[in-house]
Amino acid sequence: MKPRKSLGQNFLIDKNIQSKIIRACNLSGNDTVLEIGPGRGEITQYLLEQAGYVIAVEIDNNLYQGLIERFGSFKNLELLNADILKLSLSGLRGLGGGKKFKVIANIPYYITTPIIARLLSHGSLFSEIYLTLQKEFAERLTAGPGTKDYGAFSCFAQFYTKPKLIFTISSSAFWPRPKVDSCLARLEILDEPSVKVKDEGMFFKIIRAGFNQRRKLFKNNLSRIFPQPKAASCLSKLGLDEKVRAEDLCLSDFARIADYFT
Ligand code: SAM
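Residues numbered from 1 in each chain as written. Predicted model: local features only at pLDDT ≥ 70, side-chain atom pairs only at ≥ 80, totals over all residues. Heavy atoms only, no water.

Digging into helix α1 (residues 15-24)
Within α1 the residues assigned to the buried category are I17, Q18, I21, I22 and A24. Looking straight down α1, one finds its buried side chains confined to an arc of 165 degrees; they lie on one side. Turned more than 90 degrees off the buried face of α1, the exposed positions are K15, N16 and R23. Turning to α1, the residues buried within the fold contact β1 (11-12), α2 (44-50), β6 (126-134), β7 (161-169) and β9 (182-189). (Buried < 20%, exposed > 50% of the residue type's maximum accessible area, 1.4 Å probe, protein only. Helix = DSSP H or I, 4+ residues; strand = E, 2+ residues; numbered from the N terminus. Arc of directions from axis to C-beta. Contact = heavy atoms within 4.5 Å.)

Rendered as structure tokens:
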């Protein structure tokens, strides 16, 4: 079959990497796994052997038909021909015995951000999310303050999860070979967000504004959404340097600033 570039089809053909990913996910017969984009079933075959129950969501109808032929007889598989960005994730609750799911997926890179945002907006459904990602993207997820990779998406991910880059994967492990290197990353969902904040909407509004023009002083970015004098006085009232940039602030700084404006 001809891989469809428009659907991000880069199949994981390296068998060593397939089993290395599965080992890293610490599967047991108690686990229910949501796989996004099972493709030709390279990872699915291991999941069916090692997990209790597997829900696999594939958008491509041809691949879906192939998966039915290959795995149709497995009782512990729910195979859905659907778009992960449109499927009702809440509707999956209860499948496989009502436990929290692990997500394990070699995802299409063109929708990495919306997939992660969607999964985290239903975070109570999941315990851990294992994804193959473009390496640069994973570095942004895990970056801390004071680094060039730290940005609004790092804050978003680190508010809800503990992200970790587990190992890098050479582009030669995939067919067709992507132009970028990849990695396996884990997002461990936190029981409570990593910092306490009165209004999450305000918290993320301030983070987005702060990183809008990242080389600008934070107070100047902030004055795009609040009156200039209030933006400047907020920093001094909270004991923060007026010359600070968003990339110097940690999540608890953003939480204090958000609470100040709430
Ligand atoms: N899991 C397979 C592997 O590791 O070889 C395939 C991975 S390939 C990178 C991404 C898969 O996601 C493809 O099978 C593609 O058709 C599927 N896909 C793309 N967009 C999707 C979407 N919105 N919802 C569900 N599956 C999608």
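From this point, the narrative continues.
Some words on the site of the ligand
Residues in contact with the ligand amount to 25 residues; listed here are only the nearest, L12, G37, E58, D83 and N106. Y110 places a polar side-chain atom, nitrogen or oxygen, 3.2 Å from a nitrogen atom of the ligand. Computed on the free molecule, the ligand has an accessible area of 590 Å², of which 99% lies beneath the protein chains in the complex. When residues of the shell around the ligand are traced back to their parent elements, those giving at least two are β1 and β3 (53-58). (Near = heavy atom within 4 Å. Polar contact = N/O pair within 3.5 Å; in protein donor to acceptor, adjacent residues only side chain to side chain. Areas by Shrake-Rupley, 256 points an atom, 1.4 Å probe, with all protein chains shown as cover.)

Examining the environment of R215
Considering the arrangement of structural elements, one finds R215 in the loop between α7 (200-212) and α8 (218-222). With a relative accessible area of 56%, R215 lands in the exposed category. Taking the C-alpha atoms as reference, R215 lies 36 Å from I36; in sequence the two are 179 residues apart. Among all residues touching R215, those that are not within four sequence positions of it are R245 and E247. Reaching out from R215, the side chain makes a polar contact with the side chain of E247 at a distance of 2.9 Å.

Points about the nonpolar core
One finds F203, I206, F218, F254 and I257 to be the most contacted residues of the largest nonpolar core, which totals 64 residues. Taken domain by domain, the makeup of this core includes at least three residues from each of domain 1 (5-189) and domain 2 (200-261). What F254 contacts, discounting residues up to four positions off in sequence, is Y150, C155, F203, I206, I207, F211, F218, A246 and L249. Of all hydrophobic cores here, the second largest spans 27 residues; its members include A24, C25, I169 and L184. (Core = buried A, V, L, I, M, F, W, Y, C linked by side-chain atoms within 4.5 Å. Domains from an automatic or database assignment.)

Quick look at the packing of helix α4 (residues 112-121) against helix α6 (residues 152-160)
For the pair α4 and α6, the least separation of the axes is 11 Å and the interaxial angle reads 30 degrees. The orientation of α4 with respect to α6, classified from their angle, is roughly parallel. Taken as a pair, α4 and α6 cross one another with a handedness that is left-handed. Contacts between α4 and α6 involve T113, I116, A117 and L120 from the former and F153, F156, A157 and Y160 from the latter. Tallied by class, residues from the contact of α4 with α6 come to seven nonpolar, one polar and no charged. (Axes fitted to C-alpha atoms, helices over the stretch in contact; angles between N-to-C directions. Parallel < 35°, antiparallel > 145°, perpendicular 65-115°, else oblique. Left-handed = near helix turned anticlockwise from the far one by under 90°. Nonpolar A, V, L, I, M, F, W, Y, C, P; charged D, E, K, R; others polar.)

Some words on the sheet that holds β7
What the seven strands build is an open sheet, ordered β4-β3-β2-β5-β6-β9-β7; its pairing is mixed. Since the sheet does not close on itself, it has two edges, and those belong to β4 (77-81) and β7, each with one partner. Going across the sheet, the axis of each strand differs from the next one's by a mean of 15 degrees, ignoring polarity. Where strand β5 (residues 101-106) and β6 come together, six bridges link them in parallel fashion. Residue pairing for β6: K102 is matched across the bridge by E128. Across the face of the sheet, helix α5 (residues 135-142) comes into contact with β6, β7 and β9 while running at roughly 135 degrees to β6. (Pairing = 2+ DSSP bridges.)

Focus on the side chain of T112
Tracing the chain through its elements places T112 in helix α4. Note on T112: relative accessible area 5%, which makes it buried. Apart from the residues lying within four places of it in its own chain, the contact partners of T112 are I107, L133 and F137.

With respect to the packing of α6 against α7
Contact pair α6 / α7: the axes reach a minimum separation of 9 Å and the direction vectors enclose 150 degrees. Judged on the interaxial angle alone, α7 and α6 are roughly antiparallel. Of the residues in α7, those touching α6 at A152, C155, F156, F159 and Y160 are E200, F203, F204, I207 and F211. Split by residue class, the contact of α6 with α7 holds nine nonpolar, no polar and one charged.

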